[in-house]
Amino acid sequence: MAIMYPESIDFLGDDRLAEKEVFCHLKTLNDDYSIFHSVDWTGKGFQSECDFVIFHAKKGFITL
């Protein structure tokens, strides 16, 4: 099972059911993967959020 940060997103409301479903599917990846939920992106002149950052030590990372 993938390493999830946070371990659960049960605190999210029903208006984010799709996000919860994606979280559950990503959780089934093997433990070579670390999944970060709700990552803040900030830079010069902007601020945003990434729903998921999926990291693998050999394959790199992808944002979703």
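Notes on the structure follow.

Considerations on the packing of aromatic side chains
So, point 1. In this structure the tally under the stated criterion is 1 aromatic pair.
So, point 2. Ring geometry for Y5 against F36: centres 4.8 Å apart, planes inclined by 10°, an arrangement best described as stacked. Of this pair, Y5 sits in strand β1 (residues 3–5) while F36 is found in strand β2 (residues 33–43), placing the two residues 31 residues apart along the sequence.
So, point 3. For Y5, a relative accessible area of 40% corresponds to the partly exposed category.
So, point 4. A residue is classified by how much of its surface remains accessible, and F36, at 32% relative accessible area, is partly exposed.

Concerning the environment of F52
So, point 1. Secondary-structure assignment places F52 in strand β3 (residues 46–56).
So, point 2. The exposure class assigned to F52 is buried, which follows from its relative accessible area of 2%.
So, point 3. Apart from residues no more than four positions distant in its own chain, F52 is found in contact with E19, V22, F23, L26, I35, F36, H37, I62, T63 and L64.

Some points on the side chain of H37
So, point 1. Mapping H37 onto the fold places it in strand β2.
So, point 2. Not counting chain neighbours up to four residues away, the residues in contact with H37 comprise Y5, P6, I9, L12, R16, E19, F23, D51 and F52.

Some thoughts on the pairing of β2
Every regular strand shows the same layout, with side chains that alternate between the two sheet faces.
So, point 1. Here β1 pairs with β2 via 3 bridges, running parallel. Bridge pairing links I3 to S34 in β2.
So, point 2. In terms of handedness, the path from β1 via helix α1 (residues 17–27) over to β2 forms a crossover that is left-handed.
So, point 3. Where β2 and β3 come together, 10 bridges link them in antiparallel fashion. What sits directly across from S34, in β3, is F55.
So, point 4. Taking the residues that link successive antiparallel strands as the turn, the β2-β3 hairpin has 2 residues, and the phi of G45 there is positive, at about 85°.

Here is what the cut-offs are and how they apply
- Residues numbered from 1 in each chain as written.
- Predicted model: local features only at pLDDT ≥ 70, side-chain atom pairs only at ≥ 80, totals over all residues.
- Heavy atoms only, no water.
- Phe/Tyr/Trp six-rings, centres within 6.5 Å; stacked < 30°, edge-to-face > 60°.
- Helix = DSSP H or I, 4+ residues; strand = E, 2+ residues; numbered from the N terminus.
- Buried < 20%, exposed > 50% of the residue type's maximum accessible area, 1.4 Å probe, protein only.
- Contact = heavy atoms within 4.5 Å.
- Pairing = 2+ DSSP bridges.
- Right-handed = clockwise from strand over helix to strand, strands pointing away.

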